[in-house]
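Coordinate inspection notes
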Amino acid sequence: MKKILTIASLLTLSACSSYQVTDSNQFPADSRWAIMPMYNHSSTPLAAEKAEQILSSQLFAKGIVAVKYPPSAVNDLQSILDDSAKQKQAQAWLTTQPVDYVITGSVEEWHYKSGLDGEPAVGITLEIKSAKSGQTYWQASGSRGGWGRESVSGTGHIVIEELLSGLNVATNDD
């Protein structure tokens, strides 16, 4: 009976998340990386910028020191909600940078569900491309619904960490 309850509990917990993560090819340890703007497809303003900050720290924990595109001058709500100006500015900046790979993606969901518990819900897609050719080398996507006392950023941290688990970077010893 105890086994059945344990299995049922695990199935219930795993039903709160969904991930599509494949292992990447191995990226050289001395590669130069840039974080480009993520698209915000969620209904939460600045969700992409929040995810980019978490992504930056998670990459650093994996040994990747990535430069981040320069912030754009945002002075009105339209600039915050429209990604196109930021994307154009970041692409122009990228042409001046000596980087090998760019990591970008999109935020599909970043909010608290309505209801008494207000559980956080996060959905993110990540993509690694060649900075020169634009060829895609790796993609992963995932979503997770957290528990009532979790924060959205904490849930985002878990999703990004799980997505980056498929990223293989050679160490300097390799």
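You'll find the chain entered in an unreviewed UniProt entry as Penicillin-binding protein activator LpoB, with Photobacterium pectinilyticum given as the organism.

When its secondary structure is counted, the chain shows five helices and nine strands. Listed by position from the N terminus, the elements making up the chain come as α-β-β-β-β-α-β-α-α-β-β-β-α-β. Taken over 174 residues, the chain has a buried fraction of 37%. For the chain, restricting intrachain contacts to residue pairs at least 6 apart in sequence, the fraction spanning at least 24 positions comes to 70%. When the accessible surface of the chain is summed, it comes to about 10100 Å², and 54% of that surface belongs to carbon and sulfur atoms.

Per-residue confidence for the chain gives a mean pLDDT of 88, with 87% of residues at or over 70. When the elements of the chain are averaged for pLDDT, helix α1 (residues 2–14) gives the smallest value, 45, and strand β3 (residues 33–35) the largest, 98. This stretch, residues 4–15, has a pLDDT under 50; its non-local contacts, to residues over four places away or in other chains, come to one contact.

Tallied over the entire structure, the rule returns five aromatic pairs. Joined through ring pairs, the aromatic side chains of F27, W33, Y101 and Y137 make up one cluster.

So, about the environment of I103. Residue placement: I103 occurs in strand β6 (residues 101–112). Separated by 26 residues in sequence, I103 and K129 place their C-alpha atoms 6.5 Å apart. For I103, the residues in contact, after removing those within four places along its chain, are A34, I35, M36, L55, L59, E127, I128 and L164.

Let us now look at the pairing of strand β7 (residues 120–130). Taken residue by residue, a regular strand's side chains alternate between the two faces of the sheet. Within β7, nine of the eleven residues are buried, leaving the element largely enclosed by the surrounding structure. Bridging between β6 and β7 involves eleven bridges; their strand directions are antiparallel. Within β7, the residue paired with V102 across the bridge is K129. Here β7 runs beside strand β8 (residues 136–145); their pairing, made up of nine bridges, is antiparallel. Within β8, the residue paired with K129 across the bridge is T136.

A word on unusual backbone geometry. In terms of backbone geometry, most residues other than glycine have negative phi values and most peptide bonds are trans. Residue L46 is not a glycine yet carries a positive backbone phi of 65°. Here L46 is to be found in the loop between β4 (39–40) and α2 (47–61). Looking at L46, the relative accessible area reads 38%, which means it is partly exposed.

Before going further, it helps to spend a moment on the nonpolar core. Formed by 29 residues in total, the largest nonpolar core has its most connected members in L59, W110, I124, L164 and L167. Every element with two or more residues in this core is listed here: β3, α2, β6, β7, β8 and α5 (152–164). Counting residues per element, this core draws most heavily on α2, which supplies six residues. When sequence neighbours within four positions are dropped, the list of residues in contact with L59 reads I35, I64, A66, I103, L164 and L167.

About the thresholds
Residues numbered from 1 in each chain as written. Predicted model: local features only at pLDDT ≥ 70, side-chain atom pairs only at ≥ 80, totals over all residues. Heavy atoms only, no water. Helix = DSSP H or I, 4+ residues; strand = E, 2+ residues; numbered from the N terminus. Buried < 20%, exposed > 50% of the residue type's maximum accessible area, 1.4 Å probe, protein only. Contact = heavy atoms within 4.5 Å. Areas by Shrake-Rupley, 256 points an atom, 1.4 Å probe, with all protein chains shown as cover. pLDDT = per-residue confidence, 0-100. Phe/Tyr/Trp six-rings, centres within 6.5 Å; stacked < 30°, edge-to-face > 60°. Pairing = 2+ DSSP bridges. Core = buried A, V, L, I, M, F, W, Y, C linked by side-chain atoms within 4.5 Å.

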